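Analysis of the macromolecular model
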Amino acid sequence: MQSTKIERHAAPLRQQVVRLLREDILEGVLAPGERLLENAMCDSYGVSRTVIREALRQLESESLITMLPNRGPIVTVLTKRDIESLYEVRRVLEGLAGELFARRASPDQAAAMRALIVEMEDTYLHGTVHTREESKEQFYDLLLEGAANPVLENDLRGVHTRIGLFRRYAFVDEHRVALSMEELRQIAREIAENRDPDAARRACEHHIQLAGELAILEYTKRLHQSDADSRADGATQIAI
């Protein structure tokens, strides 16, 4: 495991380890099914076993880590059907978020959404992976704020955590970014200009339908690139 010593500063050590491990999983540095050895992580990050265990519990709650009996923690793996199921749930949740925003958002919240979409022409359409990810987070922050449903917000953010890898794939595909930007413009029109709940739901659901299709394509690509050892059990799997 590559050494990444933790700096001692204000942020708790556990949070720093969680952030670094999460990034390694989302970036594919830690492979699907890879065992996470406590001793190696202690040496790599320069922290205690207690900190490592606390970080692993946090990532397990995010479904990025799976604890296996007699084997310990591994990077979580999902089947193709698992991915489809996640996007089915995401589609319904985001459709509801769009509908509720159209019904409930204040004039100021609607104006903020319209302004953000204009800004995303630079930060998303013509941006970097970092600015695209950042601006998409801002989009969802506004969407959920306007939807004003804390249960929905908690559930949707949980789904977003579990599909972090797939969302990041979309940010490096220029063709997909262009398509996504047009979908986001349409969502903004329906939720923040027309204020049409039914059209807002449809626009959000359509956006996630296409995102799910991209996730499956990336899944298939990874499947073809994987070696025989990674598929020895005959299951079709991919990391979150």
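Up top is the structure.
Described below are features of the structure shown in this document. (Residues numbered from 1 in each chain as written. Predicted model: local features only at pLDDT ≥ 70, side-chain atom pairs only at ≥ 80, totals over all residues. Heavy atoms only, no water.)

The subject of this paragraph is the overall build of the protein chain. Each helix and strand counted, the protein chain has ten helices and four strands in total. Mapped in sequence order, the helices and strands of the protein chain form the string α-α-α-β-β-β-α-α-α-α-α-α-α-β. Each of the 240 residues in the protein chain was classed as buried or not, and the buried ones make up 43%. The long-range fraction of contacts in the protein chain, counting pairs at least 24 apart against all pairs at least 6 apart in sequence, stands at 72%. (Helix = DSSP H or I, 4+ residues; strand = E, 2+ residues; numbered from the N terminus. Buried < 20%, exposed > 50% of the residue type's maximum accessible area, 1.4 Å probe, protein only. Contact = heavy atoms within 4.5 Å.)

What follows covers the packing of helix 4 (residues 80-104) against helix 9 (residues 174-193). Contact geometry of helix 4 with helix 9 gives a least axis separation of 7 Å together with a crossing angle of 35°. Along the contact surface, helix 4 presents Gly 98, Phe 101 and Ala 102, while helix 9 presents Glu 190, Ile 191 and Ala 192. (Axes fitted to C-alpha atoms, helices over the stretch in contact; angles between N-to-C directions.)

A few words now on helix 6 (residues 129-147). Taking 1.5 Å of rise per residue, 19 residues should cover 27 Å, and helix 6 covers 27 Å from first to last C-alpha, within 8% of that figure. If you check which residues of helix 6 are buried, you get Arg 132, Ser 135, Lys 136, Phe 139, Tyr 140, Leu 142, Leu 143, Leu 144, Gly 146 and Ala 147. Phi for Ala 148, located one or two positions after helix 6, is positive at around 55°. (Expected span 1.5 Å × (residues − 1).)

Here we come to the pattern of salt bridges. Taken as a whole, this structure holds 16 salt bridges when the rule is applied. A salt bridge links Arg 22 to Glu 62; the shortest N-O distance between them is 2.7 Å. Note that Arg 22 is positioned in helix 1 (residues 13-26) and Glu 62 in the loop between helix 3 (49-61) and strand 1 (65-68), a separation of 40 residues in sequence. Its salt-bridge partner being Arg 185, residue Glu 182 comes within 2.7 Å of it at the nearest N-O pair. With Glu 182 and Arg 185 both in helix 9 and three residues apart, the pair spans about one turn of that helix. Residue Glu 182 is classed as partly exposed on the basis of its relative accessible area, which comes to 37%. By relative accessible area, Arg 185 is classed as partly exposed at 21%. What you see here is one network of salt bridges that share partners, running through Glu 99, Arg 103, Arg 201 and Glu 205. (Salt bridge = Lys/Arg side-chain N within 4 Å of Asp/Glu carboxyl O.)

Turning our eyes to something else, we now look at the packing of helix 5 (residues 107-125) against helix 6. Running from N to C, helix 5 and helix 6 cross one another at 170°; their axes reach a closest spacing of 9 Å. By the angle between their axes, helix 5 is roughly antiparallel relative to helix 6. Relative to helix 6, helix 5 is oriented so that their crossing is left-handed. Taking contact as the criterion, the partners of Gln 109, Ala 112, Met 113, Leu 116, Ile 117, Glu 119, Met 120, Thr 123, Tyr 124 and Leu 125 in helix 5 are, on helix 6, Thr 131, Arg 132, Ser 135, Lys 136, Gln 138, Phe 139, Leu 142, Leu 143, Glu 145 and Gly 146. Looking at side-chain class alone, the contact of helix 5 with helix 6 contains ten nonpolar, six polar and four charged residues. (Parallel < 35°, antiparallel > 145°, perpendicular 65-115°, else oblique. Left-handed = near helix turned anticlockwise from the far one by under 90°. Nonpolar A, V, L, I, M, F, W, Y, C, P; charged D, E, K, R; others polar.)

Counting 44 residues, the largest nonpolar core has Tyr 87, Met 113, Met 120, Phe 139, Leu 143 and Ile 191 as its most contacted members. Breaking this core down by element, the ones donating at least two residues are helix 4, helix 5, helix 6, helix 7 (150-162), helix 8 (164-170), helix 9 and helix 10 (197-225). At eight residues, the largest contribution of residues to this core is made by helix 4. What Ile 191 contacts, discounting residues up to four positions off in sequence, is Gly 98, Phe 101, Ala 102, Met 113, Leu 143 and Ala 200. Judged by nonpolar contacts, the second largest core, of 19 residues, contains Leu 36, Val 47, Ile 52 and Val 75. (Core = buried A, V, L, I, M, F, W, Y, C linked by side-chain atoms within 4.5 Å.)

Summed over all chains, the structure comprises two aromatic pairs. Between the aromatic rings of Tyr 124 and Phe 171, the centroid separation amounts to 6.1 Å while the plane-to-plane angle is 85°, which identifies the pairing as edge-to-face. One end of the pair, Tyr 124, is in helix 5; the other, Phe 171, is in the loop between helix 8 and helix 9, and 47 residues separate them in sequence. Overall, the relative accessible area of 3% leaves Phe 171 in the buried class. Relative to Tyr 140, the ring of Phe 139 has its centre 5.4 Å away and its plane inclined at 85°; by these criteria the two rings are edge-to-face. Tyr 140 gets classed as buried once you look at its relative accessible area, which sits at 1%. (Phe/Tyr/Trp six-rings, centres within 6.5 Å; stacked < 30°, edge-to-face > 60°.)

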